[in-house]
Amino acid sequence: MTAALPRADVAPVASHKRRRRAPGWLAVAPLLVFTAVAFGLPALAIVNGAFSVDDATTGATTYTGANMTASLQGPYLTALLGSVKLSAISAALGALLGLPLAQAVVSSRSRRLREAVLTASGVLANFGGVPLAFAFVATLGNAGVLTVHLGLKDSGWDLYSFWGLVLVYLYFLIPLMVLTITPALDGLRAQWREAALNNGATGVQYWRHVALPVLAPSLLGGLVLLFGSAFSAYATAAAMVGSAVPLVTLQIADALSGNVLVGQENVALALSLDMVLVAGLVMAVYLPLQRRSARWLDA
């Protein structure tokens, strides 16, 4: 029978294990510090400004909920709801159009086509801002090339409107959906389709009862990701429509610069906090869906 080790022999082993774990925490420490500085301090500044009011005469700061109340009333509420509506519609259309495109790429036997589409999607998903607005204005604006040649203006086409902005957003949301859903489509087992067909199911029944239920978490996660991308977009809308379409990002810029009213900087911070709360709700939905999708597709 083997004798138990004395306590003097156990202590060095535990100490050695602690020494081996220490470098892992030290490697993560710079990232944690960077995250705290780059994200934590701005978040604290937003929260502090959203609930404070500066007296113009004395310079004293008082804390109140008036800024948050103002951010949910009048034109500010209209802009917030307009951003939610624009983001929801753009994300839904981007998901509906991006899914069949991604499926066509995945089911294609051409490796070059797959690489070309995924590479183009990676570029287009990050193409936005003023260059994207200029490209659409030059193409589909009031004096754009296609507008003039196809006579779109006579039929009532207006790029500088809500639906025109939806069209522009789809330019980068559809490629983003392709990048998001392609790994999930790759995770679908060929055996599942073969088993469904061998049991008499049609292609539509396979997608309805097998593929789409499995892809549902990834689809909803992609939809949430597209919503967040459209919700946070600013430069494209600012360069193309200005104040013609009420959006919360444009309202924040106007309040900070004093284009409409002077002294509304704290209201702008309250609007920013509203956006952070919406983004937090979006991420609260997105992360569980991603974990559930990973369990299905990695099994």
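Check the entry above for the structure.
Given the structure is predicted, the values throughout are model-derived calculations rather than measurements. (Residues numbered from 1 in each chain as written. Predicted model: local features only at pLDDT ≥ 70, side-chain atom pairs only at ≥ 80, totals over all residues. Heavy atoms only, no water.)

(A) Region of interest: the environment of Pro213. As for its position among the elements, Pro213 is in helix α9 (residues 203-232). By relative accessible area, Pro213 is classed as partly exposed at 43%. In this structure, Pro213 is in contact with Trp207 and Arg208, ignoring residues within four places of it in sequence. (Helix = DSSP H or I, 4+ residues; strand = E, 2+ residues; numbered from the N terminus. Buried < 20%, exposed > 50% of the residue type's maximum accessible area, 1.4 Å probe, protein only. Contact = heavy atoms within 4.5 Å.)

(B) Representation of a nonpolar patch on the surface. There is a patch of nonpolar side chains on the surface, built from Val28, Leu31, Leu32, Phe34 and Phe39 and spanning about 530 Å² of accessible area. Relative to the assigned elements, Phe34 resides in helix α1 (residues 7-50). (Patch = residues over 30% accessible without salt bridge, like charges linked within 9 Å, V, L, I, M, F, W, Y side chains within 5 Å. Areas by Shrake-Rupley, 256 points an atom, 1.4 Å probe, with all protein chains shown as cover. Salt bridge = Lys/Arg side-chain N within 4 Å of Asp/Glu carboxyl O.)

(C) Local environment of the packing of helix α3 (residues 74-107) against helix α11 (residues 248-257). Viewed as axis vectors pointing N to C, α3 and α11 meet at an angle of 140°, and their least axial separation amounts to 7 Å. Comparing the axis directions of α3 and α11 gives the class oblique. Contacts between α3 and α11 involve Pro75, Tyr76, Ala79, Leu80 and Ser83 on the former and, on the latter, Val248, Thr249 and Gln251. Of the residues that constitute the contact of α3 with α11, the class distribution is five nonpolar, three polar and no charged. (Axes fitted to C-alpha atoms, helices over the stretch in contact; angles between N-to-C directions. Parallel < 35°, antiparallel > 145°, perpendicular 65-115°, else oblique. Nonpolar A, V, L, I, M, F, W, Y, C, P; charged D, E, K, R; others polar.)

(D) Summary view of the environment of Ser107. Of note, Ser107 is situated in helix α3. Since its relative accessible area comes to 49%, Ser107 is described here as partly exposed. The spatial distance from the C-alpha of Ser107 to the C-alpha of Leu185 is 9.2 Å, given a sequence separation of 78 residues. A polar atom in the side chain of Ser107 sits 3.4 Å from the backbone oxygen of Ala104. (Polar contact = N/O pair within 3.5 Å; in protein donor to acceptor, adjacent residues only side chain to side chain.)

(E) Main features of the nonpolar core. Ranked by size, the top nonpolar core spans 56 residues in total, and within it Leu165, Tyr169, Ile181 and Leu247 carry the most contacts. Secondary structure elements with two or more residues in this core: α3, α5 (129-140), α7 (162-186), α9, α10 (235-240), α11 and α12 (265-297). The dominant element in this core, judged by the number of residues it contributes, is α7, at 15 residues. If we skip the residues at most four places from it in the chain, Leu247 touches Ala79, Gly82, Ser83, Leu86, Leu165, Tyr169 and Ala237. (Core = buried A, V, L, I, M, F, W, Y, C linked by side-chain atoms within 4.5 Å.)

(F) Structural context of the packing of aromatic side chains. In total, this model carries six aromatic pairs according to the counting rule given. Here Tyr169 and Phe172 contribute two aromatic rings whose centre-to-centre distance is 5.5 Å and whose plane-to-plane angle is 50°, an arrangement assigned as tilted. Residue Tyr169 and its partner Phe172 are both found in helix α7; the two are separated by three residues, about one turn of the helix. Lys85 extends its terminal NZ or CZ atom over the ring of Phe162, reaching a point 5.0 Å from the ring centre. (Phe/Tyr/Trp six-rings, centres within 6.5 Å; stacked < 30°, edge-to-face > 60°. Lys NZ or Arg CZ within 6 Å of the ring centre and 35° of its normal.)

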